[in-house]
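Structure assessment
Residues per chain, in single letters:
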Amino acid sequence: MAANFPQFTLRIPKEQLDKLHYISEYNARSCNRELELLIRLHIRDFEKAHGKISKEDIENLNK
């Protein structure tokens, strides 16, 4: 299933990555799953404040 997901490279300072690993292990998640959760929560909060992001919005951004 994971092979169907696009990959994204993230560059962050080692100290932040180490802390992210600590938090994800504390929460019994992989680092990837922890990031997915944080992204989902951020999108939810953004859409709550600014309205749903539609496919049309995304297509207009990519023009």
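None of these values were measured; they are calculated from a predicted model.

Turning to the overall build of the protein, a few remarks are in order. Within the protein one finds three helices and zero strands. What you see for the protein is a C-alpha radius of gyration of 15 Å, clearly larger than the 11 Å of a compact globule of 63 residues, by over 25%. In the protein, which comprises 63 residues, the proportion classed as buried is 8%. Counting only carbon and sulfur atoms, one obtains 57% of the accessible surface of the protein, whose full area is about 6300 Å². Here the protein contributes 11 positively and 10 negatively charged side chains, and the mean placements of these two sets differ by 2 Å.

To continue, consider helix α2 (residues 31-50). Between its first and last C-alpha atoms α2 spans 28 Å; for 20 residues at 1.5 Å apiece the expected length is 28 Å, and the two agree. Those residues of α2 hidden inside the fold are in contact with α1 (14-26). Downstream of α2 by one or two residues, glycine 51 has phi in the positive range, about 95°.

Moving on, we get to the environment of aspartate 45. With respect to the helices and strands, the residue aspartate 45 is situated in helix α2. As a C-alpha pair, aspartate 45 and lysine 63 span 18 residues in sequence and 25 Å in three-dimensional space.

Time to look at α1. Under the 1.5 Å per step criterion, the end-to-end length of α1 is 18 Å for 13 residues, consistent within 8% with the ideal 18 Å. Looking one or two residues beyond α1, the residue adopting positive phi is alanine 28, at roughly 60°.

What follows concerns the side chain of serine 24. The residue serine 24 is located in helix α1 in this model. Those residues in contact with serine 24 that lie beyond four places of it in its chain are Arg29, Ser30, Cys31 and Glu34.

To continue, consider the pattern of salt bridges. For the structure on display, the rule yields six salt bridges. A salt bridge links lysine 14 to aspartate 18; the shortest N-O distance between them is 2.9 Å. Residue lysine 14 and its partner aspartate 18 are both found in helix α1; the two are separated by four residues, about one turn of the helix. Look at lysine 14 and you get exposed, because its relative accessible area is 60%. The exposure class of aspartate 18 is partly exposed, given its relative accessible area of 38%.

How each quantity is defined
- Residues numbered from 1 in each chain as written.
- Predicted model: local features only at pLDDT ≥ 70, side-chain atom pairs only at ≥ 80, totals over all residues.
- Heavy atoms only, no water.
- Helix = DSSP H or I, 4+ residues; strand = E, 2+ residues; numbered from the N terminus.
- Rg over C-alpha atoms; globule rule 2.2 N^0.38 Å.
- Buried < 20%, exposed > 50% of the residue type's maximum accessible area, 1.4 Å probe, protein only.
- Areas by Shrake-Rupley, 256 points an atom, 1.4 Å probe, with all protein chains shown as cover.
- Lys, Arg positive; Asp, Glu negative; His and termini not counted.
- Charge placed at Lys NZ, Arg CZ, Asp CG, Glu CD.
- Expected span 1.5 Å × (residues − 1).
- Contact = heavy atoms within 4.5 Å.
- Salt bridge = Lys/Arg side-chain N within 4 Å of Asp/Glu carboxyl O.

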